[in-house]
Amino acid sequence: MDCPLGHNRAIVFVGCSGAGKSTYMSALLDRHPDFSNRDAVKVQTGRPLRWNEPLPDSAGLIVIDELLRWQDLLKVVGLLGRGHQLLVASHLQVWFHWPFRIYGPSSVFQMA
């Protein structure tokens, strides 16, 4: 993907397990010009969503891998409200992520 994504507040990859969501996010972080030179805080999630790592208060890039429950979207929206830019791998339906647009441009990609 070589389109500009740096202006997006949230970039979400939606799909089932094994669809390539996390792989695609890793490729963006390694190769895309908008992300390859940026530090990112990676949040590994579980059931229910755990936030074991302290998150920075200042705006930055946060990578959320495996968003599984709709209830966890409140935590994600809170990060957007604090000014963070997010890369998200999600198992939720595409329409669950529409409220992210309140905080600025967002892109949601459905993985096959």
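Computed from a predicted model, the values in this text were never measured in an experiment. (Residues numbered from 1 in each chain as written. Predicted model: local features only at pLDDT ≥ 70, side-chain atom pairs only at ≥ 80, totals over all residues. Heavy atoms only, no water.)

Q: Would you mind showing me how to read the overall build of the protein chain here?
A: Across its full length, the protein chain holds 2 helices and 5 strands. Along the chain direction, N to C, the helices and strands of the protein chain fall in the order β-α-β-β-α-β-β. With 112 residues in all, the protein chain has 41% of them scored as buried. Long-range contacts, defined as pairs at least 24 residues apart, comprise 60% of the intrachain contacts of the protein chain with a sequence gap of at least 6. Looking at the protein chain as shown, the accessible area adds up to about 6,200 Å², and 54% of this sits on carbon and sulfur atoms. (Helix = DSSP H or I, 4+ residues; strand = E, 2+ residues; numbered from the N terminus. Buried < 20%, exposed > 50% of the residue type's maximum accessible area, 1.4 Å probe, protein only. Contact = heavy atoms within 4.5 Å. Areas by Shrake-Rupley, 256 points an atom, 1.4 Å probe, with all protein chains shown as cover.)

Q: How do you make sense of the pairing of strand β3 (residues 61–67) when you look at a structure like this?
A: Looking along a regular strand, one sees the side chains alternate between the two faces of the sheet. Most of β3 is tucked away, with 6 of its 7 residues classed as buried. Bridge count for strand β2 (residues 40–44) against β3 is 5 bridges, and the pairing is parallel. Within β3, the position partnered with A40 by the bridge is L61. Bridge count between β3 and strand β4 (residues 85–90): 5 bridges; the pairing is parallel. Residue pairing in the sheet places L61 in a bridge with Q85 of β4. Following the chain from β3 across helix α2 (residues 73–81) to the adjacent parallel β4, one finds a crossover that is right-handed. (Pairing = 2+ DSSP bridges. Right-handed = clockwise from strand over helix to strand, strands pointing away.)

Q: What's the story with the environment of L61 in this structure? I'm lost.
A: Structurally, L61 is set in strand β3. Exposure remark for L61: the relative accessible area of 3% places this residue in the buried category. On a C-alpha basis, the gap between L61 and L87 in space is 7.6 Å, while along the polypeptide they are 26 residues apart. In contact with L61, not counting residues within four places along its chain, are L29, F35, R38, D39, A40, V41, Q85 and L87.

Q: Got a minute to help me understand unusual backbone geometry in this structure?
A: What is expected of a backbone is that most residues other than glycine have negative phi and most peptide bonds are trans. A positive phi angle, close to 70 degrees, is found at E66, a residue other than glycine. In this structure, E66 sits in strand β3.

Q: Sorry if this is basic, but what is going on with the sheet that holds strand β5 (residues 106–110) here?
A: Across a sheet, strands are paired by hydrogen bonds formed along the backbone, either parallel or antiparallel in direction. On the basis of which strands lie adjacent, the open sheet formed by 5 strands has the order β2-β3-β4-β1-β5 and parallel pairing. Both outer strands of the open sheet, β2 and β5, are each paired with one neighbouring strand and no more. Neighbour to neighbour, the strand axes of the sheet diverge by 10 degrees on average, direction disregarded. On the sheet, α2 packs against β1 (10–14), β3 and β4 and is oriented at approximately 170 degrees with respect to β3. (Axes fitted to C-alpha atoms, helices over the stretch in contact; angles between N-to-C directions.)

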